[in-house]
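Structure assessment
Each chain, letter by letter, is given below.
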Amino acid sequence: MRKKILAATLLITVASGVKAQNIVTKAIEKVSDGIASFYNNKFVGRKTATGEVFDQNKYTAASNTHQLGSYVKVTNAKNGEVVYVKINDRMAPSNKRLLDLTSKAAGDLRFRNSGTTKVQVEAVSESEGRRAIADQLDTRTSSNQL
C-alpha cells in the first residue's frame, strides 16, 4: 500500500512540475519509535529474505516497516547508544516490534541482557549506511584488540 501511495505521489508531483527528488528525500528521513529485539541463534546460517546468510556478527536487521536492502540508524532510547544496520530480512507478520537485530548490533546498543529495548529508527541513505557500518566495524574491531 505504501508503495502505491508513494508512486501516486511521485506521479502527481512530476505532473505538477515539482522535482520528485524532494519527495524521495522526505521518505528517506522517516523516523519511527518502538521496540527492538534481537535474533535467536536458531537462524544462524539460514538465508534471509534478501538471500544473504544470517550471521550474528554482522550489522543487519529484520523489519516489517522498512524496505529490504535499506539502511537505518538505530538509537537506544534508554542509553543513547547508536548503531547503523542494513535491513536484510522480514519478521513474522504478527510481530509488532520495529526491528529484530543481530546479537552484534544488540550488544553495541547494550540491550542483549534485557532482550528488548525502546528505540528510535531513522531511515538513512545507502551511502551513509554503508559508510557508518564500515566505521563501526573499524572502530569496534580496533577497540576490542586493545
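Rules used in this analysis
Residues numbered from 1 in each chain as written. Predicted model: local features only at pLDDT ≥ 70, side-chain atom pairs only at ≥ 80, totals over all residues. Heavy atoms only, no water. Helix = DSSP H or I, 4+ residues; strand = E, 2+ residues; numbered from the N terminus. Contact = heavy atoms within 4.5 Å. Core = buried A, V, L, I, M, F, W, Y, C linked by side-chain atoms within 4.5 Å. Buried < 20%, exposed > 50% of the residue type's maximum accessible area, 1.4 Å probe, protein only. Pairing = 2+ DSSP bridges. Axes fitted to C-alpha atoms, helices over the stretch in contact; angles between N-to-C directions. 1 Å grid on protein atoms, 1.4 Å probe; cavity = no way out; pocket = protein on both sides within 12 Å on 5 of 7 lines; lining within 4 Å. Points joined across faces, edges and corners; volume = space filled by probe spheres on them. Nonpolar A, V, L, I, M, F, W, Y, C, P; charged D, E, K, R; others polar. Polar contact = N/O pair within 3.5 Å; in protein donor to acceptor, adjacent residues only side chain to side chain. Phe/Tyr/Trp six-rings, centres within 6.5 Å; stacked < 30°, edge-to-face > 60°.

**Focus on the side chain of Ser103**
One can find Ser103 in helix 3 (residues 103–108). Setting aside residues no more than four positions away along its own chain, Ser103 makes contact with Phe38, Gln56 and Arg112.

**Some words on the nonpolar core**
Within soluble globular proteins, side chains that are nonpolar generally end up buried alongside one another. Val72, Val74, Val83, Val85, Leu99 and Leu101 are the most contacted members of the largest nonpolar core, which has 22 residues in total. Sorting the residues of this core by element identifies strand 3 (71–76), strand 4 (82–89), strand 5 (99–101), helix 3, strand 6 (116–124) and helix 4 (126–144) as the ones contributing at least two each. Examining the composition of this core, we find that four residues originate from one element, strand 4, more than from any other. With near-sequence residues (within four places) excluded, Val72 lies in contact with His66, Val83, Tyr84, Val85, Ile87, Leu99, Val121, Glu122, Ala123 and Val124.

**Focus: the sheet that holds strand 6**
Ordered by their spatial adjacency, six strands build a closed barrel running 1-5-2-4-3-6, and the pairing between neighbours is mixed. Ignoring strand direction, the axes of neighbouring strands in this sheet form an average angle of 45 degrees. Relative to strand 5, strand 1 (residues 31–38) is paired through three bridges, and the arrangement is parallel. Paired with Phe38 across the bridge in strand 5 is Leu101.

**Regarding the side chain of His66**
When you line up the elements, His66 lands in the loop between strand 2 (60–62) and strand 3. A residue is classified by how much of its surface remains accessible, and His66, at 8% relative accessible area, is buried. Other than its neighbours up to four places away in sequence, His66 contacts Val72, Ile87, Arg90, Val121 and Ala123.

**Focus: the layout of surface pockets**
Computed from the structure, the second largest pocket encloses a volume of approximately 200 Å³. Around the second largest pocket sit 15 residues that line it, and Tyr39, Phe43, Arg90, Met91 and Asp100 are the ones nearest its centre. Partitioning the lining of the second largest pocket into residue classes produces six nonpolar, three polar and six charged.

**Focus on the environment of Asn95**
Tracing the backbone shows Asn95 in the loop between strand 4 and strand 5. For Asn95, a relative accessible area of 24% puts it in the partly exposed group. Residues Asn95 and Ser63, spaced 32 residues apart in sequence, show a C-alpha to C-alpha distance of 9.4 Å. In this structure the side chain of Asn95 is engaged in a polar contact, spanning 2.9 Å, whose partner is the backbone nitrogen of Arg97.

**Side note on the packing of aromatic side chains**
Here the distance between the centres and the angle between the planes together describe a pair of aromatic rings. In this structure the tally under the stated criterion is three aromatic pairs. Judged by centre distance (6.1 Å) and plane angle (70 degrees), the ring pair of Phe38 and Phe111 falls under edge-to-face. Of this pair, Phe38 sits in strand 1 while Phe111 sits in the loop between helix 3 and strand 6, and the two are 73 residues apart along the sequence. Under the relative-accessibility criterion, Phe111 is labelled buried at 2%. Counting every residue linked through ring pairs, the aromatic cluster contains Tyr39, Phe43 and Phe54.

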